[in-house]
Amino acid sequence: MTHIRGIHHVTAIASDPQRNLDFYAGMLGLRLVKRTVNFDDPQTYHFYYGDDVGHPGSILTFFPWPGARRGRQGTGQVAVTSFAVLPAALGFWIERLLRHGVKYDGPARRGPSGADSEAVIAFKDHDGLMLEIVAHAGAEARPAWGDAPGIARENAIHGFHGVTLWVDDGEPTEKVLLDTLGFRPVREERGTRRFEAGDGGPGTFVDVRSIGGFVQGAGGAGTVHHVAWSVADDATQLAVRERVVDAGLHPTPVIDRNYFHSVYFREPGGVLYELATNPPGFAIDEPTERLGERLMLPPQYEPHRAEIEAVLPRIHLPISGSAASMLAESDGPEEVSGDALGFVHRYVPPESGSELAGGTTLLLLHGTGGDENDLLPLGRSLVPGAGLLSPRGKVLEGGAPRFFRRLAEGVFDQEDLARRTEELASFVEAATATYGLERDGIVAAGFSNGANIAGSLLFRRPGLLRGAVLLSPMVPYEPEELPNLEGTSVFIGAGRSDPIAPAAQVERLASMLRDAGADVVVHWQNAGHTVTKDELDAAQRWMAQRITSRAGGEHLR
Ligand code: ZN
């Protein structure tokens, strides 16, 4: 009997394409091996992630529909998708999930002890898709991609571990796996039966969980659309298709998916299966070293490339390898995100023709609970067209990112603040070199916790910042000796009824900065701990007068 070799790919539904890229290519370190469109709906993307070349067994694909409705996990679905890692990599992943603010469960033990023992951490993506990282000695046998940012090959994901099907009644589902597709039983544990195919081990496991009476699944963002089983070639595919017909099921004819050939059918438990051939693979239309860099279209859509590109949302790749090497290879700075340079961050290069920005790069520093995306709109309105450098704070307070620890509301952990300020300064220096920023044009714009670390940067590293917009700031610390801040311009936006950053603190901060020689403007408003339109307008005008006006040739410093 001709057998299924294991998993070929898993296809799921997502909402925002950029968040999907940042999570799977950026955080999990999978390689984007193909950026194409949904062949049945060319106005939406189809992303393929995998190992170095997208071997069968490593390919996770998504249809990201911006604003897609959430699906519901339930019976008749692939509920959980599991990735394989080496046992020694488990600690790395726990730390990485923590650092990225991804909630997880575990590690939990599963299976027998010894070589088949599994340690499992469970988590979800932004859309609620259920994922696992499974540490298993057998992961070694599967390839991994060694060039993901911040992930050494020994820690990288080695393709899929397996998938877990949720079905009402396991029996008919298991019969098709065993009799029609040639899977073999492995073990049973707490109502879940495991099967494997081909050579066995990670990449070939399917767990069938019978959960009679549980709610039925509904497709949508955060759910798996189908799982594809790998067949060696077209002839095997036709032979397996025959057996599917013999089992009384209704497979589609062979469909050409450009990178493989597909047959789809629904198994008795309601899960959509696909039989996918291993050839031709992802290098059919672009070289292996450039996989995923440009939008690839099948021949029928190539004549419509311009229209298709116009309606697809703009996306950018997370930093691949080191940001420096990526920039060296590309024609010019591209928008990037990822966790190179020591911080999860986004860098948006200045728009071409934006001379009015005067070489300014805004260092955006979010408040507690924000992230690297939060202040991008604020940055864009402060100085239209300016470059934006937006790191995410590394300290988590109950899951909320901050730039440094506090002992209580308004009581800062001074040791941590000193250390984190140095870290942030190193990041700014590394980013200046990597992205080729104008050393003299970096202006911080921070809110609340972000404003406080900006204040700490001003006092501890005079000269690093040309200026700062401090919104709802406090006195970060009392320096023993004031630095020389002549030539540094500071805008402070404060609320008279701010309970967190009281007026007396703001006045003290302004006078400290003035005593150090900085040029300080304070804008008061009748508001609390917030940023208002009025305040933003004032900051915008201040920027144009004190910072970016030097583009006209007159250097204010
Ligand atoms: Zn598929």
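Computed from a prediction, not measured in an experiment: that's the story for all the values here.

Colleague: Honestly, the coordination of the zinc ion in this entry has me stumped. Any pointers?
Modeller: Tetrahedral coordination by four donors places them ideally at 109.5 degrees to one another around the metal; octahedral coordination by six donors ideally gives 90 or 180 degrees. Note on the zinc ion: its protein donors are His9 (NE2), His226 (NE2) and Glu274 (OE). The metal-donor distances range over 1.9 to 2.1 Å. For His226, a relative accessible area of 5% puts it in the buried group.

Colleague: Help me understand the pairing of strand 13 (residues 224-231) in this model?
Modeller: Remark: a regular strand shows side chains that alternate across the two faces of the sheet. Here strand 13 lies mainly inside the structure; 7 of its 8 residues are buried. Taken together, the 6 bridges between strand 1 (residues 6-14) and strand 13 define a ladder with antiparallel strand orientation. Note that in strand 13 the partner of His9 across the bridge is Ala228. Here strand 13 runs beside strand 16 (residues 272-277); their pairing, made up of 5 bridges, is parallel. The residue bridging Trp229 from the neighbouring strand is Leu275, located in strand 16.

Colleague: Would you mind showing me how to read the confidence of the model for the chain here?
Modeller: Predicted coordinates in areas of low pLDDT are best not read in detail. Looking at the chain, the pLDDT average stands at 90 and 93% of residues meet or exceed 70. In this model, residues 320-333 is a region of pLDDT below 50 whose contacts with residues beyond four sequence positions or in other chains number 15 contacts. Every residue in residues 551-557 is under pLDDT 50, and counting partners more than four places away or in other chains gives 14 contacts.

Colleague: Where do I start with the sheet that holds strand 7 (residues 118-124) in this structure?
Modeller: In sheet architecture, strand pairing relies on hydrogen bonds along the backbone and comes in two forms, parallel and antiparallel. Read across the open sheet, the 8 strands follow the order 6-7-8-5-9-12-11-10; overall the sheet is mixed. Whereas interior strands pair on both sides, the edge strands pair on one side only; in this sheet they are strand 6 (104-110) and strand 10 (184-189). For this sheet the average axis-to-axis angle between neighbouring strands, irrespective of direction, equals 25 degrees. Across 6 bridges, the pairing between strand 7 and strand 8 (residues 130-135) is antiparallel. Within strand 8, the position partnered with Ala122 by the bridge is Glu132.

Colleague: I'm lost on the nonpolar core in this one. Help?
Modeller: Within soluble globular proteins, side chains that are nonpolar tend to cluster in buried spots. In terms of nonpolar packing, the biggest core is built from 72 residues, with Tyr24, Leu28, Leu181 and Trp229 touching the most fellow members. Tallying contributions element by element places helix 1 (residues 17-27) first for this core, with 5 residues. Ranked by size, the runner-up nonpolar core spans 44 residues in total, among them Phe343, Ala451, Leu458 and Val506.

Colleague: Sorry if this is basic, but what is going on with the domain arrangement of the chain here?
Modeller: Where interface size is given, it is often the accessible area lost as the parts come together that is meant. The domains assigned to the chain are domain 1 (6-310) and domain 2 (321-552). Computed from C-alpha atoms alone, the centre-to-centre distance between domain 1 and domain 2 is 41 Å. Each partner contributes to the roughly 790 Å² buried at the junction of domain 1 and domain 2, and carbon and sulfur atoms together form 40% of this total. Together, Arg99, His100 and Pro149 form the three largest contributors to the area buried by domain 1 at its contact with domain 2, with a combined 49%. Summed over the shared surface of domain 1 and domain 2, the number is 0 residue pairs in polar contact (both at pLDDT 80 or more). Breaking the side of domain 1 that touches domain 2 down by element, the ones donating at least two residues are helix 1 and helix 2 (90-99). Tallying contributions element by element places helix 2 first for the side of domain 1 that touches domain 2, with 3 residues. Of the residues in the side of domain 1 that touches domain 2, the class split is 2 nonpolar, 3 polar and 4 charged.

Colleague: For this particular structure, what's the right way to read helix 3 (residues 170-180)?
Modeller: Of the positions making up helix 3, those classed as buried are Gly170, Thr173, Glu174, Val176, Leu177 and Thr180. Residues of helix 3 that are buried sit in contact with strand 9 (160-167), strand 11 (192-196), strand 12 (205-210), strand 13, helix 4 (234-246) and strand 16. Two to three positions downstream of the cap, the backbone nitrogen of Glu171 sits 3.2 Å from a side-chain oxygen, assigning the N-cap of helix 3 to Asp169. Phi turns positive one or two residues past the end of helix 3, at Gly182, with a value near 80 degrees.

Colleague: Would you mind showing me how to read the sheet that holds strand 3 (residues 41-50) here?
Modeller: An order of 2-3-4-1-13-16-15-14 is seen for the 8 strands of this open sheet, with the pairing classed as mixed. Two strands in the sheet have a free side with no partner beyond their single neighbour: strand 2 (31-38) and strand 14 (255-256). As paired strands, strand 14 and strand 15 (residues 261-266) are joined by 2 bridges and run antiparallel to one another. Opposite Asp256, over in strand 15, you have His261 as the bridge partner. Helix 1 contacts strand 1, strand 2, strand 3 and strand 4 (59-64) of the sheet and is inclined by roughly 10 degrees relative to strand 3.

Conventions used here
Residue positions within a chain follow its written sequence, with the count starting from 1. Thresholds applied to this predicted model are a pLDDT of at least 70 for local features of residues and 80 or more for the giving and counting of side-chain atom pairs; totals over whole chains, interfaces and linings are not thresholded and use all residues. To get the side-chain values, all heavy atoms of the structure are used, and hydrogens and water are removed first. Here a donor is any nitrogen, oxygen or sulfur atom (N, O, S) within 2.8 Å of the metal, with 3.2 Å used for Na, K and Ca; water is not among the atoms considered, so some sites may look incomplete. Relative accessible area decides the class of each residue, using a 1.4 Å probe on protein chains only: under 20% of the type maximum gives buried, over 50% gives exposed, and in between gives partly exposed. Helix and strand assignments come from DSSP, with helices taken as H or I runs of at least 4 residues and strands as E runs of at least 2, each series counted from the N terminus. Whether two strands pair comes down to DSSP finding at least two bridges between them. Confidence of the predictor at the level of single residues is captured by pLDDT, which takes values from 0 to 100. By the convention used here, residues are in contact when the closest approach between their heavy atoms is within 4.5 Å. Fitted lines through C-alpha atoms serve as axes, helices being fitted only where they are in contact, and the angles separating the N-to-C directions of these axes extend from 0 to 180 degrees. Buried Ala, Val, Leu, Ile, Met, Phe, Trp, Tyr and Cys residues that are joined via side-chain atoms within 4.5 Å together make up what is termed a nonpolar core. Domain limits in this description derive from either an automatic procedure or a database domain assignment. Throughout, the accessible surface (probe 1.4 Å) given up by two parts as they are put together, summed over both, is called the buried area. Under the rule applied, a polar contact is a pair of N or O atoms within 3.5 Å (in protein, one hydrogen donor and one hydrogen acceptor; residues adjacent in sequence only if both atoms are side-chain atoms). Only Asp, Glu, Lys and Arg are considered charged in this grouping, and only Ala, Val, Leu, Ile, Met, Phe, Trp, Tyr, Cys and Pro are considered nonpolar; every other residue, Gly among them, is considered polar.

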